[in-house]
Amino acid sequence: MVFLFLLVSFLPACNAQSVYWVEGHAEGFADGSKVSLIVAATHKDEKPTAETTITNGVFSFDGEVAEPRLYLLRIIEPSGCSGARTFMLENAEIQISVTKGKQLSGEYMEFAAFEVEGSASDKTFREKMTVRDRLNEIYEDNQRKHREIMDKVNAAQTKGEQDVVRKLMASEGYKAALKDDSLFFNTVEESMFSLFQENKDSFWGPLLVLANLNYVPTNDPHYVELYNSFSDEAKNSFYGQILKKQLFVKSLKGEHVFEFVLPDKDGKLWKQSELGKGKKLLLIDFWASWCSPCRKSIPTLKEIYKEFSEKGLEIVSISIDKDKEDWLKAVEEEQFPWFSLWDTQNVFSDKFNGKAVPTFILVDEKGVVLDDTVMIQNLRQKIESVL
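Bear in mind the structure is a predicted one, so any value in this text is a computation, not a measurement.

Draft legend 1. How the structure looks around the overall build of the chain. In terms of regular secondary structure, the chain is built from 14 helices and 15 strands. Across the 387 residues of the chain, 45% fall into the buried class. Considering only residue pairs separated by 6 or more positions, the chain has 67% of its internal contacts joining residues 24 or more positions apart. Each charge sign in the chain was given a centre, from 47 positive and 61 negative side chains, and these centres are 6 Å apart.

Draft legend 2. View of the state of the cysteines. Evaluated as defined, the whole model comprises one disulfide. A sulfur-sulfur separation of 2.3 Å characterises the disulfide bridge that pairs Cys 291 with Cys 294. The disulfide joining Cys 291 to Cys 294 has a torsion of about 80 degrees about its S-S bond and is therefore right-handed. Its relative accessible area of 4% is what places Cys 291 among the buried residues.

Draft legend 3. Inspection of the packing of helix α5 (residues 172–198) against helix α7 (residues 221–229) at higher detail. Where α5 meets α7, the axes come as close as 10 Å, and the angle between the chain directions of the two elements is 20 degrees. In terms of axis orientation, α5 runs roughly parallel to α7. Relative to α7, α5 is oriented so that their crossing is right-handed. Contacts from Phe 193, Phe 196 and Gln 197 of α5 reach α7 at His 222, Tyr 223 and Leu 226. Its residues assigned to classes, the contact of α5 with α7 shows four nonpolar, two polar and no charged.

Draft legend 4. Main features of the sheet that holds strand β3 (residues 50–53). The sheet built from four strands is open, its strands ordered β3-β2-β5-β6 with antiparallel pairing. On the outer flanks of this sheet lie β3 and β6 (82–89), each paired with one strand and no other. Between one strand axis and the next, the sheet turns by 20 degrees as a mean value, whatever way the strands run. With eight bridges connecting them, strand β5 (residues 69–76) and β6 associate as antiparallel partners. In the strand pairing of β6, Arg 74 is matched with Ala 84. In the packing of helix α2 (residues 120–128) onto the sheet, contacts are made with β5 and β6, and the angle to β6 comes to roughly 105 degrees.

Draft legend 5. Layout of helix α14 (residues 376–386). If you check which residues of α14 are buried, you get Ile 376, Leu 379 and Ile 383. Take α14 and look down its axis: the buried residues cluster within an arc of 20 degrees, on one side only. Exposed residues on α14 whose side chains face more than 90 degrees from its buried face are Gln 381 and Ser 385. At its buried positions, α14 is contacted by β11 (281–287), α11 (292–308), β12 (313–319) and β14 (359–364).

Draft legend 6. View of the side chain of Thr 359. Within the fold, Thr 359 resides in strand β14. Thr 359 gets classed as buried once you look at its relative accessible area, which sits at 13%. Setting aside anything within four residues of it in sequence, one finds Thr 359 in contact with Ile 284, Asp 285, Phe 286 and Phe 348.

Draft legend 7. Looking closely at the nonpolar core. Counting residues in each nonpolar core, the largest one holds 55 residues, and the members touching the most others are Leu 73, Ile 75 and Leu 89. Not counting residues up to four positions away in its chain, the partners in contact with Leu 73 are Val 35, Ser 36, Leu 37, Phe 59, Gly 83, Ala 84, Arg 85, Phe 87, Ile 96, Phe 111 and Phe 114. Counting 45 residues, the second-largest nonpolar core is a separate cluster that includes Leu 275, Val 316, Ile 361 and Ile 376.

Draft legend 8. Structural context of the sheet that holds strand β7 (residues 93–103). Reading across the sheet, the four strands line up as β4-β1-β7-β8 and stay open at both edges, with mixed pairing between neighbours. The outermost strands of the open sheet, each flanked by one partner alone, are β4 (58–63) and β8 (109–117). Strand-to-strand twist of the sheet, defined as the mean angle between neighbouring strand axes without regard to direction, takes the value 20 degrees. In this structure, strand β1 (residues 20–27) lies alongside β4, joined through six bridges in antiparallel fashion. Counterpart to His 25 in the pairing with β4 is Val 58.

Draft legend 9. Structural view of helix α4 (residues 162–169). Looking at α4, one finds that the buried residues are Val 165, Leu 168 and Met 169. Along the axis of α4, the buried residues cluster in a sector spanning 95 degrees; they form a single face. Turned more than 90 degrees from where α4 packs its buried face, Asp 163 and Lys 167 sit exposed. Residues of α4 that are buried in the fold lie against α3 (131–159), α5 and α11.

Draft legend 10. Main features of the environment of Asn 214. Here Asn 214 shows up in the loop between α6 (204–212) and α7. According to the relative accessible area criterion, Asn 214 is exposed, its value standing at 53%. Remark: the alpha-carbon pair of Asn 214 and Gln 143, spanning 71 residues in sequence, is separated by 21 Å. When residues no more than four places from it in sequence are discounted, the contact partners of Asn 214 are His 43, Pro 293 and Ala 356.

Reading the values: the criteria
- Residues numbered from 1 in each chain as written.
- Predicted model: local features only at pLDDT ≥ 70, side-chain atom pairs only at ≥ 80, totals over all residues.
- Heavy atoms only, no water.
- Helix = DSSP H or I, 4+ residues; strand = E, 2+ residues; numbered from the N terminus.
- Buried < 20%, exposed > 50% of the residue type's maximum accessible area, 1.4 Å probe, protein only.
- Contact = heavy atoms within 4.5 Å.
- Lys, Arg positive; Asp, Glu negative; His and termini not counted.
- Charge placed at Lys NZ, Arg CZ, Asp CG, Glu CD.
- Disulfide = S-S within 2.5 Å.
- Axes fitted to C-alpha atoms, helices over the stretch in contact; angles between N-to-C directions.
- Parallel < 35°, antiparallel > 145°, perpendicular 65-115°, else oblique.
- Left-handed = near helix turned anticlockwise from the far one by under 90°.
- Nonpolar A, V, L, I, M, F, W, Y, C, P; charged D, E, K, R; others polar.
- Pairing = 2+ DSSP bridges.
- Arc of directions from axis to C-beta.
- Core = buried A, V, L, I, M, F, W, Y, C linked by side-chain atoms within 4.5 Å.

The values reported here are purely geometric and, on their own, carry no functional implication.
Printed below as a string of structure tokens:
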């Protein structure tokens, strides 16, 4: 017994319960490539926790974590080309094998292979996330089923043929696509809530919430109820505390909307008070060109606008893009029939407590915020109840 105590005391790096040791084998990457460990699922722009370089196809990390956490392993080659994958880091001896894949658009590359051994929590995480495989299958089936009508709508929008767009959106095929989209979103919500509730007694609960959401809908009653059902262990965990901070945010509901002045694509400045003038309801849509859920929500917004614009609805889409050219390109592609502005003043984060896009904010004719947590699947019903 004495010898065991001495062994543990002098060789803590061998104790899998107190520290981690990550040994990585990288195939196809240039020597000198930077490898970073970045904590994931926090919905923040995190800085690397640790960094090293690839030498002769090998890299390594060591340290300790209070509990298993989801990390992003990012590799940046000397050329600037980078790729990344997530894995669960725990106090254990972990082997990672990563193979360089093809270069994607810009300076991004994919990993042809990424294997993790020695992390029991990583295996558990992959098993819990298999629900997404089924959802992806449903999504892909819907895409194939409705590709023809959606391609026609997108082509007409790109050409600016609004009469053709309106005709296509009135077709049975397009209505069927919207119906399947709505059913899919409902299936996603039901499946995810089941997953969250099944894991409410440990850190897995809040981690899975954060890992599966683009953003946490602040003060949303369904998520508040979910959080309250979590055990104390789950709430006090690393991810439990992050979820609490992002979920319980002071709502803007009932307050006068902040005045802002932002430019359109021609450089003309628009005041917030001018946008909804003479209208009963203003929908502020915060989005970005790179945000896939944002782009996917636009056809639904166009349907809503078509249905309610003559009843008193106005919409303004405000892009949080950092690159003006990216924003202008997306605006040209989407052909918004409403105001489109560029957030040059960081009003999304500074004035509206914005965390992630898309975010929808409803403002009444008096400039009072009616809702700042509404989601795309509930937007039509909310607008209809007001108008």
